[in-house]
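# Reading the structure
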Amino acid sequence: MFLSLRAEVEDALEGALSTLDFPTDDLGIEEPPEDVASVLASSVAFRLADEAGAPPPQVAGRIADEIDADELTYVAEVQAQGPYLNFLPSDAYLAETLDEATDETYGRLPDRDTSVVVEHTSANPTGPVHVGRARNPIIGDAVANLVDFAGYDVDRHYYVNDAGRQMAVFTWAYETFDEEDLDEPPERDRIEYDLVRYYRKGNAYLENAPEDEVEAAEAEIESIMQGLEAGDDEAYERVSEVVDQVLGGMTECLARLPAEFDEFVKETRFMRSGATDDLVDRLKELDESIYEEDAWQLELEDHGIDKNLVFLRSDGTSLYATRDLAHHEWKFDEYDRAVTVLGEDHKLQAKQVRTTLELLGNETDQLRQVLYSYVNLPEGKMSTRRGTGVDLDDLLDEAIDRAREEVEDRLDDRIRDDELDDDDIERIAHQVGIGAVRYDIVSKQPTKAITFEWERALDFEAQSAPYVQYVHARCCGILEEAGIDPETGMDDVETAVDAELLETEAERDLLETIARFPAVVDEAADDLQPHQIATYTREFANRFNGFYRECPVLADDVDPEVREARLALVAASKHAVANALSILGVAAPRSM
RNA sequence: GGGCGCGUAGCUCAGUCCGGAAAGAGCGUCGGACUUCUAAUCCGACGGUCGUGGGUUCAAAUCCCAUCGUGCCCGCCA
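Residues numbered from 1 in each chain as written. Chains lettered and ligands numbered in written order. Predicted model: local features only at pLDDT ≥ 70, side-chain atom pairs only at ≥ 80, totals over all residues. Heavy atoms only, no water.

- In the nomenclature of an unreviewed UniProt entry, chain A corresponds to Arginine--tRNA ligase from the organism Natrinema salsiterrestre.
- In its Catalytic activity (unreviewed entry) section, UniProt records this for chain A: "tRNA(Arg) + L-arginine + ATP = L-arginyl-tRNA(Arg) + AMP + diphosphate".
- Within the UniProt record for chain A, the comment given under Sequence similarities (unreviewed entry) is "Belongs to the class-I aminoacyl-tRNA synthetase family." (UniProt positions renumbered as here; feature names shortened; annotations may be inferred.)

## Remarks on the UniProt feature "domain: DALR anticodon binding" (unreviewed entry) in chain A
- Residues annotated by UniProt as "domain: DALR anticodon binding" (unreviewed entry) correspond here to residues 468–592.
- Between the C-alpha atoms that bound residues 468–592 there is a distance of 12 Å. The span itself is 66% helix and 0% strand. (Helix = DSSP H or I, 4+ residues; strand = E, 2+ residues; numbered from the N terminus.)

## Section: the sheet that holds strand β10 (residues 309–312)
- Here three strands make up an open sheet; going across it, the order is β8-β9-β10 and the pairing antiparallel. Whereas interior strands pair on both sides, the edge strands pair on one side only; in this sheet they are β8 (289–292) and β10. Neighbour-to-neighbour, the strand axes of the sheet open up by a mean angle of 40°, direction not taken into account.
- Across four bridges, the pairing between β8 and strand β9 (residues 295–298) is antiparallel. Directly across from Ile290, in β9, lies its bridge partner Gln297. (Pairing = 2+ DSSP bridges. Axes fitted to C-alpha atoms, helices over the stretch in contact; angles between N-to-C directions.)

## Examining the sheet that holds strand β4 (residues 84–89)
- If you walk across this open sheet you meet the four strands as β1-β2-β4-β3, and the pairing is antiparallel. Of all the strands in the sheet, the pair left with one neighbour each is β1 (29–30) and β3 (75–81).
- Looking at chain direction, β1 and strand β2 (residues 40–42) are connected through two bridges and run antiparallel. Following the sheet pairing, Ile29 is matched in β2 by Ser42.

## Details of the pairing of strand β5 (residues 115–119)
- Of all five residues making up β5, five are buried, and the element is well covered by its neighbours.
- Neither face of β5 is exposed, since Ser115, Val117 and Glu119 on one face and Val116 and Val118 on the opposite face are all buried.
- Pairing between β5 and strand β6 (residues 153–160): five bridges, direction parallel. From the neighbouring strand, Val118 faces β6, where its bridge partner is Arg156.
- The handedness of the β5 to β6 crossover, carried by helix α5 (residues 135–149), is right-handed. (Buried < 20%, exposed > 50% of the residue type's maximum accessible area, 1.4 Å probe, protein only. Right-handed = clockwise from strand over helix to strand, strands pointing away.)

## Things to note about the pairing of β4
- With five of its six residues buried, β4 lies for the most part within the structure.
- By the bridge criterion, three bridges tie β2 to β4 in an arrangement that is antiparallel. Its bridge partner lying in β4, Leu40 is registered against Phe87.
- Adjacent in sequence and paired antiparallel, β3 and β4 are bridged by two residues, among which Gly82 carries a positive phi angle near 60°.

## Here we look at a negative patch on the surface
- Where like charges cluster on the molecular surface, the negative patch consists of Glu405, Glu408, Asp409, Asp412, Asp413, Asp421, Asp422 and Asp423.
- Mapped onto the negative patch, the elements with two or more residues apiece are α14 (392–413) and α15 (422–442).
- Here the negative patch takes five residues from α14, the largest share from any one element.
- Taking the relative accessible area as the measure of exposure, Asp413 reaches 61% and is therefore exposed. (Patch = residues over 30% accessible without salt bridge, like charges linked within 9 Å, V, L, I, M, F, W, Y side chains within 5 Å. Areas by Shrake-Rupley, 256 points an atom, 1.4 Å probe, with all protein chains shown as cover. Salt bridge = Lys/Arg side-chain N within 4 Å of Asp/Glu carboxyl O. Lys, Arg positive; Asp, Glu negative; His and termini not counted. Charge placed at Lys NZ, Arg CZ, Asp CG, Glu CD.)

## Quick word on the protein's contact with RNA strand B
- Lining the immediate surroundings of RNA strand B are 64 residues, of which Tyr84, Glu293, Arg313, Arg410 and Tyr470 lie closest.
- What you see for RNA strand B is that sugar and phosphate hold 63% of its atoms within 4 Å of the protein.
- Here a base oxygen of RNA strand B sits 2.8 Å away from a polar atom, N or O, in the main chain of Ser314.
- Measuring from a base nitrogen of RNA strand B, one finds a side-chain N or O atom of Gln349 at 3.2 Å.
- When residues of the surface near RNA strand B are traced back to their parent elements, those giving at least two are α2 (44–52), β4, α12 (320–334), α13 (347–359), α14, α15, α17 (465–481) and α19 (531–550).
- When residues in the surface near RNA strand B are grouped by element, the largest group, seven residues, is from α17.
- Of the residues contributing to the surface near RNA strand B, the split by class is 26 nonpolar, 17 polar and 21 charged. (Near = heavy atom within 4 Å. Polar contact = N/O pair within 3.5 Å; in protein donor to acceptor, adjacent residues only side chain to side chain. Nonpolar A, V, L, I, M, F, W, Y, C, P; charged D, E, K, R; others polar.)

## Topic: the pattern of salt bridges
- This structure, assessed with the given rule, holds 39 salt bridges.
- Here Arg6 and Glu10 are joined by a salt bridge, their closest N and O atoms 3.8 Å apart. Highlighted residues: Arg6 and Glu10, both in helix α1 (residues 2–19), separated by four residues, approximately one helical turn.
- Of the charged contacts in the structure, one is a salt bridge between Arg156 and Asp141, with a shortest N-O distance of 2.9 Å.

Structural data, given as structure tokens:
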């Protein structure tokens, strides 16, 4: 609805400016500050002051006079306030918003008939997911949800690095050592916690064992890598035994967030299919290709990249980057667009990949990269190989535990009786605990550095998930009290209500905020920035709480018609906040 | 040394791409509001030369230049 209003304002303003013989290239349309009653404004009068030979307020006045608001549907009035033009919303605007928003899918944009693959997480299958990389699945999942909600057909991919040296090391260690060689029991009863011990053991061995033993081990590792390169089934199966098990465990951990995938794409796939070999041949043909120090590389200096991209080692094996190029060409074949969420340490590599894909004749506009910076510990980086770091499972467990304590404490303090049973408490603890962890991460710009601290990560105070979740619970509470089941009975809400009955400022503010939701989705999806949705949920919650304070819905002294209108407003609010939370991947509790 | 991020209240952050209305939240501090549709809420107060210095503009947190601090990267690793 906001988008229609905006289009209408643009048209009207453009018309008025051309009638007055002013240029129309920049309409200066902007969103006014909060304390101004309009929904859209324009500062165009500043720019026109010179040309008009009059001060901005006078110019604004002339433009306002030129627009006949009676001819506009969504604009009730155009006011010149000083140098600014303000467009006030009409009742029709609010009525249509209310009508649209009482639909469950409110905010979802029309299908664009465009497929998008969102690749995220793609952590090496070496062990438990740690918090250092937890931003990736959380941001990645939210980006995928966002793009999906914005009307694209989305597939979620996890690109599995199963051909790198570390997987050969892991395979060798898994085959070489036995349970009794390991120092510690698994930290948790799940397969990746068990197997990571072999990986750590293998790495420690390679660092500390006598030289001749290390050499023998290296020979074995090398033979695994050569086997993979040759597309050898036996090597592939040996590595897969480790990869599939570890990945299975990691998938369970990620599912707790929840972050789920449509497909796990292994990089060995592109070695076995011959795609990597073909790609190497094509790379060799490029003008930028050179053969130096026995290795094939690409000189990208002319394209603003100082570092050469080696694509074939002197021993004839490919590199991660080579396979990733083949992987990207495959994605371009299968999808209209590709989005990759990756850590900022891959930035240079991402640039090389993009440039090289372009040199190979690909349309790289369809590739977008979302970069985030890692979460570090106060004492430094987290590492699976060294076993330093906080496991994501532990963080989630702790968050749930603290949320449970919180629920129980609050239950004791409650003035009202809430009929929360043990299942409710457990459900709320999960929704709030995990929601808080996700929200904390997804609500910030991904490029900001984060240092992990328990207290901060587990802060449930306002401006975090529970604040927004509570608004949803309040909506559900009102609906239930009115005899409507928020999960199944939302169709029972009377939607053909008179929006003019919503006459208080709090009601209109809330409705205007609801009206902006689809526009927020549109812009956030364009920018691939889910944190814009989080910012919106905060504003929304703020507005809703204002309404909740000022406007009783079910009280006895509320006029029945006003009651219906307010109930519709609550239903609309419920949909807006539930959908916004679902984009963020944060649960929307029915009670808390 | 070079490339790319980040720097806004004591703390954690929106706002910066696309310049406009005396800079917005939350936490913390202080003071208020539960016989009311759930107080994980709300209301009020205190708190800022938007890292620093220049420039462009009618207008700069936002654009340009310089500078300082900080993070990441600069492997025939992934």
